[in-house]
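Coordinate analysis (summary)
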Amino acid sequence: GRGGRGYGRGGRYRDNWRERVDRQASVAIKPEWKLVMDMDLSKVSKGISNTAKPVSEEDLLWCGFLDRYHEGYDKCSTRAPTVLKRFENKLFYPVSTMDDPVIEKFAIEGKGNVFATDAILAHLMTCPRSVYPWDIVIQKLPGSGALFFDRRDSSQFDYLTVNETANAPPTTMKADDDPEGINTPERLSLESTAINHNFSQQILKDPRGGKATRKNFDLPNPFFDEEDNDGMEPASVAFRYRKFDLGDDIEIVCRTELHGVVKKKAVPGSVSAPEDQYTTAFALNEYFNSMSPYSKTNVPAAGLINWREKLDTQRGAVLATELKNNAFKLAKWTAQSILADADQMKIGFVSRTTPKNPYEHLILATQFYRPRDFATQITLNEGSMWGIMRMLIGIFKDQPEGKYVLMRDPNKAVLKIFAVPPGTFEDEDEEEE
């Protein structure tokens, strides 16, 4: 049914990662595609004139539910790590823009003229940091001229990358002591995505614990169908549909996500009860190039820091290294948290239990950050984020109705926009069904 396809269980993934030779285009360019324009990625954020934040932002609808954060995870350390569990009965829904019935309803009602998910908006807002190839599909509807920013059904868009922006990112070549190729970009991506989902659910309290810990919103999860999912349940996610008015007749409607509720600490001397805060949750993960057992002198790769040695005493240094190696991923998570108006963003530091086992992991530490403070720390400018969206929307407003592909060149820091025939990619959508 519409919008009902999830990744499946938290513990494992439908492995539809296409075997990809290093730095090939994320989608094959067909002869009938017409190049509309290309632009230098490094100049995208520099050539922006209007960097104003939205004139206004408002909530349109809340769906789903959120469980409460378990404070015990604040105490995770390298000396007292917690085993990462697999949540095979939880369903996650990275539903695309055009498959979301709630977005469709808002489009029909004329609630906005640009529609997207937080993952797609955050990706575009931070795309100058990207290194790997990617593509987004844009549809401009006849009549209204409404723009839908979407992803292809069979793309790898929703899978996380690992060390994408490192000086020496993972290679597709299997090392002699890694015959299974667990340290290749594709396998690391599947591992990281599974870790991220499992972490986001594990750090929450079990609602069956007796206390009313679950917060339900206006409508249930719009993508979960109980009849089709015997014994399964949706993950703790609130879908917060928000509208951003950017002025100049640009109104963006976006589905954002929150992952949990955090009890704000009571202010000493205050008589009012502490308020609930909303948080997003993401996990960074560590892997080692060498398959030898862990040791104090062992580092994941040249120039990297051994988390077991440094996380408890030098977390700032660990984070600085991650910001260098995963600049795009961390910026995207921060942008997603800002779009969702999250009060907090929880980052987990997760490492393999042993270097050669990509299925078992330990949570070595967790840390809360305020999204806007974190954005400042990683030099992510909120005005530039919105400026990039204004610039892209302006380009498509000037184009005729139809379908377009916006893609990052696989080998050069260049964005290309192609006009493509209306039926492009529809065969692969049907295959996915």
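Above this text sits the structure in question.
Residues numbered from 1 in each chain as written. Predicted model: local features only at pLDDT ≥ 70, side-chain atom pairs only at ≥ 80, totals over all residues. Heavy atoms only, no water.

Enumeration according to the criterion identifies 17 aromatic pairs in this entry. The interplanar angle of 45 degrees and the centroid separation of 5.0 Å between the aromatic rings of Phe244 and Trp386 together place this pair among those described as tilted. Within this pair, whereas Phe244 is found in strand E11 (residues 237–247), its partner Trp386 is found in helix H9 (residues 382–397), the two being separated by 142 residues in sequence. Just as Phe244 is buried, Trp386 falls in that class too. One aromatic cluster is present, built from ring pairs that chain together Trp33, Phe418 and Phe425. The cationic tip of Arg214 hangs over the ring face of Phe65; the distance from NZ or CZ to the ring centre is 3.8 Å. The positively charged end of Lys332 is found above the aromatic ring belonging to Phe157, 5.7 Å away from the centroid. (Phe/Tyr/Trp six-rings, centres within 6.5 Å; stacked < 30°, edge-to-face > 60°. Helix = DSSP H or I, 4+ residues; strand = E, 2+ residues; numbered from the N terminus. Buried < 20%, exposed > 50% of the residue type's maximum accessible area, 1.4 Å probe, protein only. Lys NZ or Arg CZ within 6 Å of the ring centre and 35° of its normal.)

A few words now on the packing of helix H3 (residues 118–125) against helix H7 (residues 327–339). At their nearest, the axes of H3 and H7 sit 8 Å apart, and the two run at 125 degrees to each other. Taken together, H3 and H7 sit at an angle that is classed as oblique. Crossing of H3 against H7: the hand is right-handed. Along its contact with H3, which presents Asp118, Ala119, Leu121, Ala122, His123 and Met125, the element H7 presents Phe328, Lys332, Ala335, Gln336 and Leu339. (Axes fitted to C-alpha atoms, helices over the stretch in contact; angles between N-to-C directions. Parallel < 35°, antiparallel > 145°, perpendicular 65-115°, else oblique. Left-handed = near helix turned anticlockwise from the far one by under 90°. Contact = heavy atoms within 4.5 Å.)

Turning to the sheet that holds strand E13 (residues 260–263), a few remarks are in order. Overall, mixed pairing links the five strands, which are arranged E4-E16-E15-E14-E13 in an open sheet. At either margin of the open sheet sits one strand with a lone partner, and together these are strand E4 (82–83) and E13. Running over the sheet, helix H6 (residues 315–325) touches strand E14 (276–286), strand E15 (344–352) and strand E16 (361–369) and is turned about 95 degrees from E16. Here H7 sits on the sheet and contacts E14 and E15; the angle it forms with E14, its principal contact strand, is near 170 degrees. (Pairing = 2+ DSSP bridges.)

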